[in-house]
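The residues making up each chain are set out below.
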Amino acid sequence: MESLLHVAQHGSIAAAARRQGLTPAAVGQRIQALENELGFQLLERVGHTSRPTEACIRLLPHARELVTLANHLAEKADMDGMSGFIRVGVISTLFQDLIPPVLRRIHAELSGLPLHLIPGTSMDL
């Protein structure tokens, strides 16, 4: 559902893939699996763009709520008071020099929190 929300927001599977750090094929497979499970089409694919179908538009608020609830599940079980995750947006030129020491420090100090690296351009991030 998270991939579906990204596609609906950004208008393409490729853009959603960049936001999630996945390949476009992986995002497409996620959407297709969700369509198969629900039994109806969620996206209208036209060229390089994808837009939500009417059925999908009706489901989007509920999908957002489900994704939010799922992201908060880990917080409910955390006994140390630290919860959530760390999301770091990174442009490609920083991957080799600046990011490795930053990631080591984050991992050392906040090892209980999942880390999500989001590659992209300055404008996207």
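Look a little higher up for the structure.
Undergrad: Please explain the nonpolar core as it appears in this structure.
TA: If you look at the biggest cluster of nonpolar residues, it comprises 15 residues, and the most contacted ones within it are Leu4, Val7, Val27, Ile31, Leu42 and Leu43. The biggest single contributor to this core is helix α4 (residues 54-77), with four residues. Core analysis: the second largest hydrophobic core is formed by six residues, Ile86, Val90, Ile106 and Leu113 among them.

Undergrad: Explain the pairing of strand β3 (residues 86-90) to me, please; I cannot follow it from the model alone.
TA: Here is the key point about a regular strand: its side chains alternate between the two faces of the sheet. Residues Ile86, Val88 and Val90 of β3 are buried on one face, while the alternating residues Arg87 and Gly89, pointing to the opposite face, are not. Inspection of the sheet shows β3 paired to strand β4 (residues 115-119) by five bridges, in the parallel sense. Across the sheet, Ile86 pairs through a bridge with Leu115, a residue of β4.

Undergrad: Would you take a moment to explain the packing of helix α2 (residues 13-20) against helix α3 (residues 24-38) for this structure?
TA: Two quantities define a packed helix pair, namely the angle between the axes and the distance from one axis to the other. Taken N-terminus to C-terminus, the directions of α2 and α3 make an angle of 105°; their axes are 8 Å apart at the nearest point. Classified by the angle between their axes, α2 and α3 sit roughly perpendicular to one another. On α3, the residues that touch Ile13, Ala14, Ala16, Ala17 and Gln20 of α2 are Pro24, Val27, Gly28 and Arg30. Per-class residue counts for the contact of α2 with α3 are six nonpolar, two polar and one charged.

Undergrad: When you look at the pattern of salt bridges in this model, what are you seeing that I'm missing?
TA: Think of it this way: side chains of opposite charge can pair up when their charged atoms draw near. Going through the model one piece at a time under the given rule, you end up with two salt bridges. A salt bridge links Glu35 to Arg45; its shortest N-O distance comes to 3.7 Å. With a gap of 10 residues between them, Glu35 in helix α3 and Arg45 in strand β1 (residues 43-46) connect regions that are remote in the sequence. Between Arg51 and Glu44 there is a salt bridge, with the nearest N and O atoms lying 3.2 Å from each other. Judged by relative accessible area, which is 32%, Glu44 ranks as partly exposed.

Parameters and conventions
Residues numbered from 1 in each chain as written. Predicted model: local features only at pLDDT ≥ 70, side-chain atom pairs only at ≥ 80, totals over all residues. Heavy atoms only, no water. Core = buried A, V, L, I, M, F, W, Y, C linked by side-chain atoms within 4.5 Å. Buried < 20%, exposed > 50% of the residue type's maximum accessible area, 1.4 Å probe, protein only. Helix = DSSP H or I, 4+ residues; strand = E, 2+ residues; numbered from the N terminus. Pairing = 2+ DSSP bridges. Axes fitted to C-alpha atoms, helices over the stretch in contact; angles between N-to-C directions. Parallel < 35°, antiparallel > 145°, perpendicular 65-115°, else oblique. Contact = heavy atoms within 4.5 Å. Nonpolar A, V, L, I, M, F, W, Y, C, P; charged D, E, K, R; others polar. Salt bridge = Lys/Arg side-chain N within 4 Å of Asp/Glu carboxyl O.

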